[in-house]
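Reading the structure
As a plain string of letters, each chain reads:
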Number of protein chains: 2
Amino acid sequence: MTNLYEHMRDEHKISPAQEYLRQIVYGGNDGIVTTFAVVAGFAGFGAEGAAEVGAIAVLLFGLANLLADGTAMGLGEFLSARSEQDVYRATRAKELHEIQTNPEFERLETVELLKDRGLPSEDAETMANIMVRNPEYMADFMMQHEIGMADPTNEHPALNGLATFVSFLLFGFVPLIPYFLLPAGPDTFVVSVIATGLALTTLGLLRWRVTTEGLLRCVGETVLVGGICAFVAFGVGLAFR
Amino acid sequence: MTNLYEHMRDEHKISPAQEYLRQIVYGGNDGIVTTFAVVAGFAGFGAEGAAEVGAIAVLLFGLANLLADGTAMGLGEFLSARSEQDVYRATRAKELHEIQTNPEFERLETVELLKDRGLPSEDAETMANIMVRNPEYMADFMMQHEIGMADPTNEHPALNGLATFVSFLLFGFVPLIPYFLLPAGPDTFVVSVIATGLALTTLGLLRWRVTTEGLLRCVGETVLVGGICAFVAFGVGLAFR
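Residues numbered from 1 in each chain as written. Chains lettered and ligands numbered in written order. Predicted model: local features only at pLDDT ≥ 70, side-chain atom pairs only at ≥ 80, totals over all residues. Heavy atoms only, no water.

Per an unreviewed UniProt entry, chain A goes by the name VIT1/CCC1 family predicted Fe2+/Mn2+ transporter and belongs to Rubricella aquisinus. Under Subcellular location (unreviewed entry), UniProt gives the following word-for-word description of chain A: "Endomembrane system". (UniProt positions renumbered as here; feature names shortened; annotations may be inferred.)

Some remarks on the overall build of chain A
Across its full length, chain A carries 10 helices and zero strands. The helix and strand sequence of chain A, counted from the amino end, reads α-α-α-α-α-α-α-α-α-α. Expected size for 241 residues packed as a compact globule is a radius of gyration near 18 Å; at 25 Å, chain A overshoots this value by more than 25%. Across its three principal directions, the C-alpha atoms of chain A cover 80 × 40 × 30 Å. Every one of the 241 residues in chain A was classed for burial, and the buried ones make up 54%. Within chain A, counting contacts between residues at least 6 apart in sequence, those at least 24 apart form 73% of the total. (Helix = DSSP H or I, 4+ residues; strand = E, 2+ residues; numbered from the N terminus. Rg over C-alpha atoms; globule rule 2.2 N^0.38 Å. Buried < 20%, exposed > 50% of the residue type's maximum accessible area, 1.4 Å probe, protein only. Contact = heavy atoms within 4.5 Å.)

So, the UniProt feature "transmembrane region" (unreviewed entry) in chain A
As recorded in UniProt, the sites labelled "transmembrane region" (unreviewed entry) are residues 159–182, 188–206 and 218–240 of chain A. Structurally, residues 188–206 of chain A is divided into 100% helix and 0% strand, and its ends, taken at the C-alpha atoms, are 27 Å apart.

With respect to the interface of chain B and chain A
Between chain B and chain A, the residue contacts involve 86 residues of the former and 85 residues of the latter. Of the roughly 7400 Å² buried between chain B and chain A on both sides combined, carbon and sulfur atoms contribute 67%. Where chain B packs against chain A, one counts eight salt bridges. With a closest N to O distance of 2.8 Å, Arg117(B) and Asp140(A) form a salt bridge. Summed over the shared surface of chain B and chain A, the number is 14 residue pairs in polar contact (both at pLDDT 80 or more). Sorting the residues of the side of chain B that touches chain A by element identifies α1 (2–12), α2 (16–53), α3 (56–101), α4 (103–116), α5 (121–133), α6 (135–147) and α10 (215–240) of chain B as the ones contributing at least two each. The leading source of residues in the side of chain B that touches chain A is α3(B), at 24 residues. Along the lines of polarity and charge, the residues of the side of chain B that touches chain A split into 47 nonpolar, 17 polar and 22 charged. (Buried area = accessible area lost by both parts, 1.4 Å probe. Salt bridge = Lys/Arg side-chain N within 4 Å of Asp/Glu carboxyl O. Polar contact = N/O pair within 3.5 Å; in protein donor to acceptor, adjacent residues only side chain to side chain. Nonpolar A, V, L, I, M, F, W, Y, C, P; charged D, E, K, R; others polar.)

Some words on the side chain of Glu213(B)
Position of Glu213(B) among the secondary structure elements: in the loop between α9 (186–210) and α10. Within polar-contact distance, the side chain of Glu213(B) engages the side chain of Arg207(B) at 2.7 Å. Ignoring sequence-local partners within four residues, the contact set of Glu213(B) consists of Ser83(A), Val87(A), Arg207(B), Trp208(B) and Cys218(B).

Comments concerning the relation of the copies chain B and chain A
Superposition of chain B onto chain A requires a rotation of 180° combined with a translation of 0.0 Å along the rotation axis, giving an RMSD of 0.0 Å. Expressed as a symmetry operation, the mapping of one chain copy onto the other fits a two-fold axis. Interface overlap between copies is the fraction of interface residues in one copy that are interface residues in the other; for chain B against chain A it reaches 99%, indicating a shared surface. (Least-squares fit on C-alpha atoms with pLDDT ≥ 70 in both.)

Observations concerning the layout of surface pockets
All names here are of chain A. Size it by volume and the second largest pocket reaches roughly 160 Å³. Taken together, 11 residues form the lining of the second largest pocket, with Ala 43, Gly 46, Ala 47, Gly 185 and Pro 186 sitting closest to its centre. Contributions of two or more residues to the lining of the second largest pocket are made by α2 (16–53) and α9 (186–210). Ranked by residues supplied to the lining of the second largest pocket, first place goes to α2 with five residues. Here the lining of the second largest pocket is composed, by residue class, of nine nonpolar, two polar and no charged. (1 Å grid on protein atoms, 1.4 Å probe; cavity = no way out; pocket = protein on both sides within 12 Å on 5 of 7 lines; lining within 4 Å. Points joined across faces, edges and corners; volume = space filled by probe spheres on them.)

Comments concerning the nonpolar core
Val53(A), Phe61(A), Val53(B) and Phe61(B) are the most contacted members of the largest nonpolar core, which has 75 residues in total. Ignoring sequence-local partners within four residues, the contact set of Phe61(B) consists of Val38(A), Phe42(A), Val53(A), Ala57(A), Phe61(A) and Val38(B). Core analysis: the next-biggest nonpolar cluster, separate from the first, contains 32 residues, Leu96(B), Ile99(B), Met127(B) and Tyr137(B) among them. (Core = buried A, V, L, I, M, F, W, Y, C linked by side-chain atoms within 4.5 Å.)

Quick notes on the packing of aromatic side chains
The tally for this structure, following the rule as stated, stands at nine aromatic pairs over all chains. Seen from their ring centres, Phe61(A) and Phe42(B) are 6.4 Å apart, and the 10° between their planes marks the pair as stacked. Highlighted residues: Phe61(A) in helix α3 (residues 56–101) and Phe42(B) in helix α2, drawn from two different chains. No difference in accessibility class separates Phe61(A) from Phe42(B), as the two residues are buried. (Phe/Tyr/Trp six-rings, centres within 6.5 Å; stacked < 30°, edge-to-face > 60°.)

Description of the packing of helix α6 (residues 135–147) of chain A against α6(B)
α6(B) packs onto α6(A) with a crossing angle of 100° between their chain directions and a minimal axis gap of 11 Å. The pairing of α6(A) with α6(B) is recorded here as roughly perpendicular in orientation. Facing α6(A), whose interface residues are Tyr137(A), Asp140(A), Phe141(A), Gln144(A) and His145(A), α6(B) presents Tyr137(B), Asp140(B), Phe141(B), Gln144(B) and His145(B). Of the residues in the contact of α6(A) with α6(B), the class split is four nonpolar, four polar and two charged. (Axes fitted to C-alpha atoms, helices over the stretch in contact; angles between N-to-C directions. Parallel < 35°, antiparallel > 145°, perpendicular 65-115°, else oblique.)

Considerations on empty space enclosed by the protein
Residues and elements named next belong to chain B. Tallying each qualifying case throughout the model produces one cavity of 30 Å³ or more. If you trace the largest cavity, you find it lined by Arg 22, Val 25, Tyr 26, Arg 207, Val 210 and Thr 211. Per-element tally for the lining of the largest cavity: the top contributor is α2, with three residues. Partitioning the lining of the largest cavity into residue classes produces three nonpolar, one polar and two charged.

See below:
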């Protein structure tokens, strides 16, 4: 049976590392977009506007958004992951209660659900009868086929939130770095665009690593969304000239 | 059976309206945080700084972030929802292939998984035998119990993305409204804080409406996260004085 267990463990279950890698990809993406929008908006506003707004504004609003949005994203990830677990537990407890108080009704429900999934009547009856004898399993069955909820109870909301927060700050800092080192001008914007493009490519490669999607799609989509967002922010800056 | 079907339809399945309401809640929250960070950062910078940075910067960076981040969030929601569906379909097709090419191996796997879920051996054997005769159902079973993925194929990625985008813009515009109507000073910030507090409370009430969570928790958490984010941004502004 060793092969079987290894197969079940290795080939399928999504590893915790992959779970956090997912938070890193989405958190980092949000971080880059947030600060890149500030940088691109400022660049769109142009030189004559820059004098009016002040180059320091890029760092002020860039850092304000980076830290505030990063905190909100991290906390939001933590809270929503936690409440998702609470909702799952509450819904499953409700199902279990229904099964224990009204087993015949739930048994009929199960037969119908199994027939909807393509099982012949007698197979559906047999399985439903087994499930009624095993309420805990029947509850899991109902969560999938009647309610359509995946079990999130083995996730770690706090670590998910932390991974999102840290990734948001690290990647989101990239578009701002040139503005710490160089005077805020067109050249600095070009440097920032290049650095941001590299950071987005890195995220696209990470996404490719966690999903079963194609390389081109992962990198292409990630860079494209970042580019569109910068284009929009640049346009807003132009409109302010 | 009418009662049964009504029960299955009404009491359990999450309605599409609720699905989009979820996008509205998260999208709106991100929108508010993004613009509120700009407003709070500017307020923290204070009067003397305001002269240096220019009041127009609040609208420039507020709108640049609102439109750029909203676009990125909406597109991101659309793309990730769509690729989630692709990953689910690909993984399920792989499972189905394994079942058809190596049914005995998958049958043993199923027996083990069912025993892990607390079924007695003979019940597990009976169910596994039924499943081998019904590969489509067995694939669904594997997706839940071996791989732990919920079926996202009845979601609408484009509508999810649109709901996120629209909600991001509408709610995210709230903190900026006072700066369109009043001179950018301390009083304007107070008006913005009040307007933002009301918007966050509305989102908390919407969240309460979609989840089975408590009212106090939904509204409390939503307002608290917004407050913390504003506090952080204000602090960044102070540091720039």
